Amino acid sequence: MYSQGLTDAKGGDEPAELLAEFQAKIDREEKIEPRDWMPEAYRKTLIRQMSQHAHSEIVGQLPEGNWVTRAPSLKRKMILLAKIQDEAGHGLYIYSATETLGVTRDQLNDELLTGKAKYSSIFNYPTLSWADIGAVGWLVDGAAIMNQVPLCRTSYGPYSRSMIRICKEESFHQRQGYEIMTVLARGSKEQKDMAQRALNRFWWPSLMMFGPSDKDSKHSEQSMKWKIKRFTNDELRQKFIDATVPQAEHLGLTVPDPELKWNEQTGHYDHGEIDWNEFVNVIKGNGPCNKERMQARIKAHEEGAWVREAAQQYHANKKSEAA
Amino acid sequence: MEPALYQYLLRLADSSLTMGQRLAEWCGHGPYLEEDVALTNVSLDLIGHAQMFYQIAVEVSGEHKTPDDLAFLRDAHEFRNPLLTELPKGDFAYTTLKQYFVDVFNLHLYQALSKSKHQPLAQAAKKALMEVKYHLTRSQAWCERLSLSTDEAKQRMQQAFDDLWFYTPELFETDEAMLQLADQGLIADYSVLQSYWQQQVSDLISKCQLVVPQSGWLATGGLQGEHSEHLGYMLAEMQFLQRAYPGCEW
């Protein structure tokens, strides 16, 4: 395990000059690299945020994987498979980037499987129709991009670099999701209804992906100072709404928010209040699919145990043969 | 329309599609992340091969159909794959060994087909061959890893071997029409393929210390469209949207 450049000190015990130099570096827009000194709280915040991000990519395979075997054409099946592979790949990059902060992938995986670590609440919603695969690409990846583009400039070097690569792929995903929706919206009445139902179900959960509103976000202020975050949750949510509403109109679909209205004065859409009870509930584990998602990950991990053991044993045998 | 070549192309395409479809079931459920990606990557290649062969089949048939029509609008009795490729995914040993058997077969098959006098088929085989080489490297490495490691893994590999072995001879089944295609230099000579396959697989069997089972039901029927019970369920799932909403674009 890598731990150079880190101190064990908890916040408060760290030398003021180191903290000042660290902040000055961030203010000069220089990247923090794994070997650099960093406050313990910065390291912890990053581990929390990055591992949540990686876990989200992995758990996010499940709702999309739900339609791989039922994709309606060979082309759609191949695109979906490739997309889910990308997501697994993103999980891999981010786990690797997180490992530079002195944790192992096994530890992070344990935290996910024991429920200690969180992942994006959006993946606790079911994908009930093929249109949901379109909606996930369009809205969920669209929201993810809003969150992730600023992360390309985040202060921690390994995270920033992995995000640059990930964002390129995510924008592809978003476009293919929108393309699925376009075909459905122009298709038969049943297909258009399918698309509308998917929008109805995924709209609000997508808005929740930006996290609690600024007044309730406990991590925001420090993260902004450290330039881990560049925009607040509400700013990003508003950007997403402003970008997405015209796209829904273009499809001829209705955003399920009766209070949604263009505001000439602010230059933004006004929107209805998010059901924060639902948000808190899903985060607490009481969403429609929290249990299934975790059970699926635990099952894959447990059923794969003998494979991982066999691979280790085989390599140990090879090593001792060579010795 | 050349009915014999058309049927043969369906056999190639159906085999790749059913293999790819089964592997896709691993998506999100692999034993670890790297393997999850690898399994779906092979799946993706195989579905791509299916699409290429269906496309050639469409051209050969001269009918106004698409590769999707062939994949999504035929019933089980019209599928021409050997039973091996439609078997359930099973555990990782079963998936791996099934993949290995098919990879060795595909390697020799596509090497032979890349010399086919039917140019589109030769081109497609060349393209598929490049990917199959990687598939085989991977499945063979896993066969060795699993067979020469822990007791549990050895036991699972032997179980998979017992369950799959008698499905393999069907890979080489031919009928009168195929023999004629082979005579014309359009497709491979399957008896030659079989001898290559047997040689290569028996090397692995001895390396992996697997025991060849003594007896079992010798699978057959795919060439005539008589399949296992598994294919119907696979198609019910795979074809659901096309069947439930006929005539739509997706």
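Residue numbering note: each chain is counted from 1, following its sequence as written. Lettering of chains starts at A and numbering of ligands starts at 1, both following the order in which they are written. The predicted origin of the model limits local features to residues at a pLDDT of at least 70 and limits the giving and counting of side-chain atom pairs to 80 or more, whereas totals for whole chains, interfaces and linings rest on all residues. Neither water nor hydrogens contribute to the side-chain values; these are computed over all heavy atoms in the structure.

Trainee: Outline the packing of helix α4 (residues 74-99) of chain A against helix α7 (residues 157-185) of chain A, listing residues and values.
Mentor: Residues and elements named next belong to chain A. Working convention: axes come from line fits to C-alpha atoms, limited for helices to the stretch in contact. Angles between N-to-C directions cover 0 to 180 degrees. Secondary structure elements follow DSSP: runs of H or I of four or more residues count as helices, runs of E of two or more count as strands, with numbering from the N terminus. Where α4 meets α7, the closest approach of the two axes is 10 Å, and the angle between their N-to-C directions is 160°. For the element pair α4 / α7, the angle class is roughly antiparallel. The way α4 lies across α7 gives a crossing that is left-handed. Of the residues in α7, those touching α4 at R76, I79, K83, D86, E87, H90, Y93, I94 and A97 are P158, Y159, S162, R165, I166, E169, E170, H173, Q176, E179, I180 and V183. Under the scheme applied, nonpolar residues are Ala, Val, Leu, Ile, Met, Phe, Trp, Tyr, Cys and Pro; charged residues are Asp, Glu, Lys and Arg; polar residues are all the others, including Gly. Among the residues forming the contact of α4 with α7, the class breakdown is nine nonpolar, four polar and eight charged. Each angle gets one of four labels, with under 35 degrees taken as roughly parallel, over 145 as roughly antiparallel, 65 to 115 as roughly perpendicular, and the rest as oblique. The handedness criterion is simple: a crossing whose near helix is rotated anticlockwise from the far helix by less than a right angle is left-handed, and one whose near helix is rotated clockwise is right-handed. Contacts: residue pairs with any heavy atoms within 4.5 Å of one another.

Trainee: With reference to specific residues and values, describe the packing of aromatic side chains.
Mentor: All names here are of chain B. To pair, rings of Phe, Tyr and Trp, with the six-membered ring standing in for Trp, must have centres within 6.5 Å; the planes then decide the type, stacked if under 30 degrees apart, edge-to-face if over 60, and tilted in the middle. Inspection of the entire model under this criterion finds 24 aromatic pairs over all chains. Here the aromatic rings of Y245 and W250 are separated by 6.0 Å at their centres, their planes lie at 65°, and the arrangement is edge-to-face. Residue W250 is classed as buried on the basis of its relative accessible area of 9%. Connected via pairs of aromatic rings, a cluster forms that spans Y8, Y100, F101, F105, F161, W165, F172, Y190 and W197. Look at NZ for Lys and CZ for Arg. If either is within 6 Å of the ring centre and within 35 degrees of the ring normal, a charge sits over the ring. The lysine or arginine in question, R145, covers the ring of W142, its NZ or CZ lying 4.5 Å from the ring centre. Relative accessibility under 20% of the residue-type maximum defines a buried residue, over 50% an exposed one, and the middle range a partly exposed one, all with a 1.4 Å probe and only protein chains included.

Trainee: Residues and numbers for helix α2 (residues 33-61) of chain B, please.
Mentor: Residues and elements named next belong to chain B. Between the first and last C-alpha of α2 there are 42 Å, a value that for 29 residues agrees with the 42 Å anticipated at 1.5 Å per step. Among the 29 residues of α2, 23 are classified as buried, and the element is accordingly described as predominantly covered. G62 lies just past α2 and shows a positive phi near 70°. To estimate the expected span of a helix, count its residues, drop one, and scale the result by 1.5 Å.

Trainee: Quick one: what's the story with the pattern of salt bridges, residue by residue and with numbers?
Mentor: Take a side-chain nitrogen of Lys or Arg and a carboxyl oxygen of Asp or Glu: if they are within 4 Å of each other, that pair is a salt bridge. Scanning all chains against the criterion turns up 24 salt bridges over all chains. With its nearest N and O atoms 2.8 Å apart, the salt bridge here joins E29 of chain A to R230 of chain A. Residue E29 of chain A is found in the loop between α1 (16-27) and α2 (40-59), and its partner R230 of chain A is found in the loop between α9 (220-225) and α10 (233-251); the two are separated by 201 residues along the sequence. In this structure, E34 of chain B engages R105 of chain A in a salt bridge whose closest nitrogen and oxygen atoms are separated by 2.5 Å. Highlighted residues: E34 of chain B in helix α2 and R105 of chain A in helix α5 (residues 105-113), drawn from two different chains. Here the salt bridges share partners, and the residues they tie into one network are E64, K83, E87 and D141 of chain A.

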